[in-house]
Structures are given as structure tokens and as C-alpha cells.
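What the coordinates show
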Amino acid sequence: GFESIFASSSSAVPVPRWKTAVVIALAIYPASLVVNLVLGPVLADWPLPLRVLATTAILVPFMTWAGVPWISRRLDGWLHRAPTPG
């Protein structure tokens, strides 16, 4: 899914899944909050499955092409940092 977004040209080591989850959460929380604040009143009378479909149709493309890539570029050093031996 998101592996190509997290790929680094300087590192062949894959990003740990937990770091991927953190980046996705950091991107989806504010995006979901904004979408729900803006569209909540408009979609309030829609049946729940249609509200979820509408917000999903907005959030998935945003997350794939904007949100996650933007956050992952800013956290590139942390994402690709080698674990310290312990």
C-alpha cells in the first residue's frame, strides 16, 4: 500500500510498520478533523454509510497523494534512522 511513499532514495532498509502507522495517524487525524468540521453540517442528514463513503472518497486520495507524502518527507530522517543497538 504505502510502501512506495515511504521509500527513500538513500536507504534500502524498509521503514518499520510502527513508524508507518505513526505517520499515517499524524496525517489522517487533522485531515479527518477538517473534513468532518467542514462537511459535517452538510452531511448530517445523510445515512451513516453514505457519510462514511463521502468522507472516505475525500480522505483516501488526499492521504495517498498529499497527506502521507508531505508528513513522510518531513520525518524522513526519523523514518530511515537505523535502530540503536541495545
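1. Topic: the side chain of K19
- Structurally, K19 can be placed in helix α2 (residues 17-43).
- Despite its burial, K19 pairs with no opposite charge; the closest candidate is D76, at 10 Å N-O.
- With residues up to four places along the chain from it excluded, the contact list for K19 reads W78, L79 and R81.

2. What to know about the packing of aromatic side chains
- The final tally for this structure, using the stated rule, is one aromatic pair.
- Taking 5.6 Å as the distance between ring centres and 80° as the angle between the ring planes, the aromatic pair formed by W18 and W78 counts as edge-to-face. Linking W18 in helix α2 with W78 in helix α4 (residues 76-79), this pair joins segments that are 60 residues apart in sequence.
- Using a relative accessible area of 23% as the deciding quantity, one classes W78 as partly exposed.

Definitions and cut-offs
Residues numbered from 1 in each chain as written. Predicted model: local features only at pLDDT ≥ 70, side-chain atom pairs only at ≥ 80, totals over all residues. Heavy atoms only, no water. Helix = DSSP H or I, 4+ residues; strand = E, 2+ residues; numbered from the N terminus. Buried < 20%, exposed > 50% of the residue type's maximum accessible area, 1.4 Å probe, protein only. Lys, Arg positive; Asp, Glu negative; His and termini not counted. Salt bridge = Lys/Arg side-chain N within 4 Å of Asp/Glu carboxyl O. Contact = heavy atoms within 4.5 Å. Phe/Tyr/Trp six-rings, centres within 6.5 Å; stacked < 30°, edge-to-face > 60°.

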